[in-house]
Amino acid sequence: MGSDALQIAGLLVGGIGMIGTFAVTGMPQWRVSAFIENNIIVFETIWEGLWMHCIRQANIRMHCKVYDSVLALSPDLQASRGLMCAGSVLSFLAFMVAIIGTKCMRCTQSSWQAKGYISLMAGFLFILSGVVELIPVCWVANAIISDFYNPVVNVAQKRELGDALYLGWVAAFCLTAAGAIFCRFCCCCVKTRSYRYSTPNQYPTQSQHLHRKTECSYSKSQYV
């Protein structure tokens, strides 16, 4: 029962990480900028994401535009686009493998070895997707912080950390935690399988011992 709850918990945490990964990939709030100009308070917020950039001004509706070309992106955003797409695919595959493992647990109660392999594969995919997602998020965050404290960069071109980066860290943590849970479940399956294979071996030895005692008693009675 404890192993079942452990697998369900890993499935829920991995599902949260997968949904967060999809959201981070599509969100435009990777780089955020807010500044004031010409002694007139004009709050203008610029959002830069992997697929589009948005401009939001005071009392004016937000306008978003998709990038005309991949070359219009900075090198870190170009690499982040590919890595986030790969992380999204890996997280989806990991979630599907975890669902298959849950169905296998209900259908084949005796196949502990298959359960362990499926859980280990799901855990490996979850951890890999978390690492793949963590690389672009940390890369873009490092570039933003470096440009922010660089005196050569113009003030209007400096950016701040957006909400997508914080959500990306949370999603990467959830994916890694789900991978650790499924790897732990694999260890539980291996222990259960070894216990089930080791315990029946004790009963034949006891039955053989009793059988030998009965044979010995029969031989003595016959001798008498």
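Look up: the structure comes first, before these words.
This one's a predicted model, so the numbers in the text were calculated from it and none came from an experiment.

Scoring rules and cut-offs
- Residues numbered from 1 in each chain as written.
- Predicted model: local features only at pLDDT ≥ 70, side-chain atom pairs only at ≥ 80, totals over all residues.
- Heavy atoms only, no water.
- Helix = DSSP H or I, 4+ residues; strand = E, 2+ residues; numbered from the N terminus.
- Buried < 20%, exposed > 50% of the residue type's maximum accessible area, 1.4 Å probe, protein only.
- Disulfide = S-S within 2.5 Å.
- Phe/Tyr/Trp six-rings, centres within 6.5 Å; stacked < 30°, edge-to-face > 60°.
- Core = buried A, V, L, I, M, F, W, Y, C linked by side-chain atoms within 4.5 Å.
- Contact = heavy atoms within 4.5 Å.
- Salt bridge = Lys/Arg side-chain N within 4 Å of Asp/Glu carboxyl O.

A. Here's a closer look at the overall build of the protein chain. On a plain count of helices and strands, the protein chain comes out with 5 helices and 5 strands. Across the protein chain, helices and strands are ordered from the amino to the carboxyl terminus as α-β-β-β-β-α-α-β-α-α. The burial tally for the protein chain puts 37% of its 224 residues in the buried class.

B. Fine view of the state of the cysteines. What the rule picks out here adds up to 1 disulfide. Here C54 connects covalently by a disulfide to C64, the sulfurs 2.0 Å from one another. Here the disulfide of C54 and C64 is right-handed, its torsion about the S-S bond being about 110°. Placement of C54 in strand β3 (residues 52–57) and of C64 in strand β4 (residues 63–66) is noted, with a sequence separation of 10 residues between them. Judged by its relative accessible area of 43%, C64 falls in the partly exposed class.

C. Spotlight on the packing of aromatic side chains. A complete count under the given rule lists 3 aromatic pairs for this structure. When the ring of Y166 is compared with that of W169, the centres are 5.7 Å apart and the planes differ by 70°; the resulting orientation is edge-to-face. Taken as a pair, Y166 and W169 lie in helix α4 (residues 163–198) at a separation of 3 residues, close to a single helical turn. Look at Y166 and you get partly exposed, because its relative accessible area is 45%.

D. Highlighting the nonpolar core. Ranked by internal contacts, the top residues of the largest apolar core, which has 15 residues, are A98, F126 and F182. Looking at this core, the elements with two or more residues in it are α1 (2–26), α2 (75–107), α3 (112–148) and α4. Excluding anything up to four places from it in sequence, A98 contacts Q7, L11, A122, F126 and F182. One finds V24, L50, Y67 and A164 within the second-largest nonpolar core, a separate group that totals 14 residues.

E. Quick look at the environment of M52. Looking at the secondary structure, you find M52 in strand β3. You can call M52 partly exposed: its relative accessible area is 25%. Sequence separation between M52 and G26 is 26 residues, and the spatial gap between their C-alpha atoms is 8.9 Å. If we skip the residues at most four places from it in the chain, M52 touches P28, W47, C64, K65, V66 and Y67.

F. Spotlight on the pattern of salt bridges. Counting across every chain of the model gives 4 salt bridges. Between E48 and R31 there is a salt bridge; the shortest N-O distance is 3.9 Å. On the criterion of sequence distance, the pair formed by E48 in strand β2 (residues 40–48) and R31 in strand β1 (residues 31–37) is long-range, its members being 17 residues apart. A relative accessible area of 17% places E48 in the buried class. A single network of salt bridges, built from pairs that share partners, joins R31, E48, D76 and R159.

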